[in-house]
Every structure is written in structure tokens, then in C-alpha cells.
Amino acid sequence: MDIKQLQAFVAIAELQSFSAAAQKIGLSQPSLSRLLKQLEADMGVLLVERQHRPLQLTEAGAFFYKKVGTLLIEMQTITSMTQRLASPSPELRIGFVPSVLYGLLPEVIATLKQQHTDIEVRLCDISSYQQMQALKSGEIDVGFGRFFYQDAWTQQILLRHERYVVALPKAHPAAQIPHQRLSDLSQQHLILYHKTHLPARQIVGTPAMDTPSAEPFEPPITEPLLHIFAQHGVTPLMTTKVSDLQVALGLVAAGEGVTLVPASLQTVRTEQIAYQPLWHEDVTSPIYLHTLKDRPHPRVPDLLVAVYKVYEQRGITYRRQSFVY
Ligand code: BEZ
């Protein structure tokens, strides 16, 4: 069994066609069929039902595809990481979710550049979840996100917990009332904007595991704001889901409803939106630094030092953490 046979089988399984699979991996159709036949002969197992159109996997083939697909992704990750290790990129590519851009990210980058005048930085707007794949493929070297993920390749450093505030239209009767409770908001039209939902296993306290050996299992997902309300025993009466934070704040500004945002957002659209602190101290949004577990980019520790410097300058409470190598 060799890697070319496995790649041929995965392409056939995904595209359900010999000609499309042959085109995808740049082989002639007879060569591709030969690779599949050799693989089946080596294993002594029929993997693909040839008589169906589109092609179908046998039960054994479907099982093998699930396992081998993960293995090939791992191979690609290892190859790309090894290439980067041999010739690290001179620039530090930083992924971020939009909410940290409104907060301290610009100050962190300015501090990093002040401390290391030789450093080159590229910023990339990318959701917390996609940051995991982007780290493995080499698209980014480090990411700032709001959700915890754990797999065999990445590590997460919790930077701090940021309190949520309620965003209300300026003309709303409750716009000037500080320290509102989530129960006070239950009758309001709540605007939801998160792209990433929380896996249920994360909610019950176990970090989401996505190890190569884990059984394929799709946990149910939960919208983060609804999760916060549910934790306090509150079910909002009416909700609307929008594509992102900016749209959510646009709807609040237009008087269409209220939402919760991390406190660093409270400088946005202040002519139309009032931001009020919540009564609950535990309603917070974490900020994580995600990077690779083995040999992160050599400038990532400098970036963490810059984050802590900004926290110290601003009197922000944090717990210093270090990387696992
Ligand atoms: C923060 O708000 O704590 C933060 C934002 C971006 C990068 C690092 C930290």
C-alpha cells in the first residue's frame, strides 16, 4: 500500500467518478483504476462498487475512506509544517476575529513593531474555527480568537476574559440604565451574530477534542449568546440571526433590537447606540492566542510579550502563560 494508491482512492470516493478523480490528481483514467485495483488487491477488500453510477463505496470502503481521509490531511499538515520548519517565513501572519480588531489588536501590533523594528506582519481576518485549519496549512502563524479548540497540532493560550456589555438603540427606554440583568432583556428582540457555535462537549466543561484517533462524531452546536442566556435560566422571546457583528450593530443602531458585545466594541456607532455594563460579572468572552504546538513561528513569543506589555500599560488583569514546546 502506498500514498499514491490512498490519494487515488480518496479522490474516487470524494468525486464518485473515475474520470473526475483522474483529472483531479493528474493521472490517466487507466492509471487511476490500476492504483485502486492494486490497493484492493493489497488489502484483499473490495472498496468501490464499479457497477453504480455515480460510483459508490462498499461498506468497508466507506469505513476506510473515513479513516484514511483523516490520515491524508495529517500527512499534508506534517509536510507543510516540515517545509515551514526548514525555511520559516520572514513575516508573521496573524489571523484575527473582527471583535479583537476593535479592541487591543492595533495597539498590540504597534507595540510589537516598536520592540522589534525588523518584524514584518500580515493580518488576516479569519473566524476562530477556521484559524485551526489555517495554522496547519501555513496560511497563518498565529491567531487571536474567542473560542477554545483543541487538537493534536495546536495550542491555545488564554489571554483574558473580556466582559460583555449590552448594546441598545439610544432611543430605547432602557438605554440609560446600567447593570441590566439578562432577565431584564428577555422580552427584547435579541440580535445574534456569531459565525462559530459552541460544540456541546465544550459547554459541559470538556474541551472539544478533534484528535486524529477520535471517532468521527458531530457534537450538537449552540449559539454563544443563547448559551449565555440559558446559563442564567433566561430564554429570549425573539431572536434574529445576522451574518456578523457589524450587521448586528447596524440593526441595533436602526432600532431593530439589542445585542451583547465584548466591551471593546463600545466605541462603535456611539451616536446611535448606548452600551451598558451588565449586572453579571461572569458574562464574559475569552480571548485566546492560537498557535502550533510543535515549533510555533519564532516570532510568536515576541507577540505574546507585546500583548502582556499592552495589558500592563492599561492596567488589565491577566495571568501570564507560556508556550508548550
Ligand atoms: C485583547 O483585547 O485582550 C487582545 C486583542 C487582540 C490581541 C491580543 C489581545
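Scroll up for the structure.
Every chain's residues receive numbers from 1 upward, in the order its sequence appears when written. In view of the model being predicted, local features appear only for residues whose pLDDT reaches at least 70, and side-chain atom pairs are presented and counted only at 80 or more, with totals across whole chains, interfaces and linings using the full set of residues. Heavy atoms from the whole structure form the basis of all side-chain values; hydrogens and water molecules are not counted.

Enquirer: So what about the overall build of the protein? Which residues, and what values?
Expert: Helix numbers and strand numbers start at the N terminus; a helix is a DSSP run of H or I with at least 4 residues, a strand a run of E with at least 2. In terms of regular secondary structure, the protein is built from eleven helices and 13 strands. With the C-alpha coordinates of the protein rotated into their principal frame, the extents come out at 75 × 50 × 30 Å. Relative accessibility decides the category of a residue: with a 1.4 Å probe and only protein chains considered, values under 20% of the type maximum give buried, values over 50% give exposed, and everything between is partly exposed. Across the 325 residues that make up the protein, the buried fraction comes to 46%. Only heavy atoms enter the contact rule, under which two residues are in contact if any of them lie within 4.5 Å. The long-range share in the protein, meaning contacts at least 24 apart out of those at least 6 apart in sequence, stands at 75%. Accessible surface, the protein as shown: approximately 16900 Å² in total, 55% of it carbon and sulfur. When charges are counted, Lys and Arg contribute as positive and Asp and Glu as negative, whereas His and the chain ends are disregarded. For the purpose of locating charges, the reference atoms are NZ of Lys, CZ of Arg, CG of Asp and CD of Glu. Charge-centre separation for the protein: the mean point of 29 positive side chains lies 2 Å from the mean point of 29 negative side chains. Computed with a 1.4 Å probe, the accessible areas rest on the Shrake-Rupley method; for each residue, only the protein chains presented here act as cover.

Enquirer: A description of the layout of surface pockets should follow, citing residues and the corresponding values.
Expert: Computed over the protein atoms alone on a 1 Å grid, cavities are sets of points where a 1.4 Å probe fits but cannot get out and pockets are open sets with protein on both sides within 12 Å along at least five of seven lines; a residue lines them when it has an atom within 4 Å of a point. Grid points are joined across faces, edges and corners, and a volume is the space filled by probe spheres set on the points. Quantified by volume, the second largest pocket comes out at close to 800 Å³. Put simply, the parts of the chain that give the lining of the second largest pocket at least two residues each are α5 (98–101), α7 (128–137), β6 (154–169), α8 (200–203), α9 (224–231) and β13 (284–292).

Enquirer: Before we move on, could you go through the packing of aromatic side chains and cite the residues and values that matter?
Expert: Aromatic rings from Phe, Tyr and Trp, with only the six-membered ring used for Trp, were paired whenever their centres fell within 6.5 Å, and each pair was classed as stacked if the ring planes differed by under 30 degrees, edge-to-face if by over 60, and tilted otherwise. According to the stated counting rule, one finds six aromatic pairs in the structure shown. The interplanar angle of 45° and the centroid separation of 5.4 Å between the aromatic rings of Phe9 and Phe64 together place this pair among those described as tilted. Residue Phe9 is located in helix α1 (residues 3–15), and its partner Phe64 is located in helix α4 (residues 59–86); the two are separated by 55 residues in the primary sequence. For the pair Tyr308 and Tyr311, a centre-to-centre distance of 6.5 Å together with 50° between the ring planes defines the contact as tilted. Of the two residues, Tyr308 and Tyr311 both sit in helix α11 (residues 300–314), three residues apart, roughly one turn of that helix. For the pair formed by Tyr308 and Tyr311, the shared burial category is buried. Seen from the ring of Trp279, Arg181 lies directly overhead, with NZ or CZ sitting 3.7 Å from the centre. Should the NZ of a Lys or the CZ of an Arg lie within 6 Å of a ring centre and within 35 degrees of the ring normal, that charge is described as sitting over the ring.

Enquirer: Lay out the site of the ligand with the relevant residues and their values.
Expert: Lining the immediate surroundings of the ligand are Val100, Leu104, Leu105, Phe144, Leu159, Arg160, Ile287 and Tyr311. Counting of polar contacts relies on pairs of N or O atoms within 3.5 Å, with two restrictions inside protein: one atom must be capable of donating a hydrogen and the other of accepting it, and residues adjacent in sequence are counted only when both atoms are side-chain atoms. Contacts to the ligand include Arg160, whose side-chain N or O atom sits 2.6 Å from an oxygen atom. One of the side-chain nitrogen or oxygen atoms of Tyr311 is found 2.4 Å away from an oxygen atom of the ligand. For the ligand, whose free accessible area comes to 260 Å², the fraction covered by protein is 99%. Should more than half of a molecule's atoms lie within 2 Å of a pocket's or cavity's grid points, that molecule is taken to sit in it. The cavity that encloses the ligand is the largest cavity. Basically, the charged four are Asp, Glu, Lys and Arg, the nonpolar ten are Ala, Val, Leu, Ile, Met, Phe, Trp, Tyr, Cys and Pro, and anything else, Gly included, counts as polar. Tallied by class, the residues present in the shell around the ligand amount to seven nonpolar, no polar and one charged. Only a single heavy atom is needed: when it lies within 4 Å of a molecule or strand, its residue is near that molecule or strand.

Enquirer: Report on the side chain of His280, specifying residues and quantitative values.
Expert: Along the chain, the position of His280 falls in the loop between β12 (273–277) and β13. Judged by relative accessible area, His280 falls into the buried class, the value being 9%. Among the polar contacts listed, one links the side chain of His280 to the backbone nitrogen of Leu182, at a separation of 2.9 Å.

Enquirer: Which residues make up unusual backbone geometry, and what values do they have?
Expert: Look at the link from Arg53 to Pro54: it is a cis peptide, with omega at -5°. Here Pro54 is to be found in the loop between β1 (48–49) and β2 (56–57). At Gln16, a position not held by glycine, the phi torsion is positive, near 55°. By the secondary structure assignment, Gln16 is in the loop between α1 and α2 (18–25). Looking at Gln16, the relative accessible area reads 35%, which means it is partly exposed. Despite not being glycine, His179 has its phi angle at roughly 55°, a positive value. Relative to the assigned elements, His179 resides in the loop between β6 and β7 (189–192).

Enquirer: Quick rundown of empty space enclosed by the protein? Include the residues and the values.
Expert: Evaluation of the coordinates by the stated rule reveals one cavity of 30 Å³ or more. Roughly 130 Å³ of volume is contained in the largest cavity. If you trace the largest cavity, you find 14 residues lining it, with Val100, Leu104, Leu105, Ile287 and Tyr311 closest to the centre. Of all the secondary-structure elements, those providing two or more residues to the lining of the largest cavity are α6 (105–115), β6 and α11. The element that contributes the greatest number of residues to the lining of the largest cavity is β6, accounting for three residues. Looking at the lining of the largest cavity residue by residue, the class counts come to nine nonpolar, two polar and three charged.

Enquirer: Any details on the nonpolar core? Residues and values, ideally.
Expert: By convention a nonpolar core is built from buried Ala, Val, Leu, Ile, Met, Phe, Trp, Tyr and Cys residues, the set being connected through side-chain atoms within 4.5 Å. In terms of nonpolar packing, the biggest core is built from 31 residues, with Leu182 and Leu260 touching the most fellow members. Secondary-structure elements contributing two or more residues to this core are β6, β7, α9, α10 (245–253), β11 (259–262) and β12. Beyond its immediate chain neighbours, meaning those up to four positions away, Leu260 contacts Tyr164, Val165, Val166, Leu182, Leu185, Tyr193, Leu225, Phe229 and Leu278. One finds Ile109, Val142, Ile157 and Val300 within the second-largest nonpolar core, a separate group that totals 26 residues.

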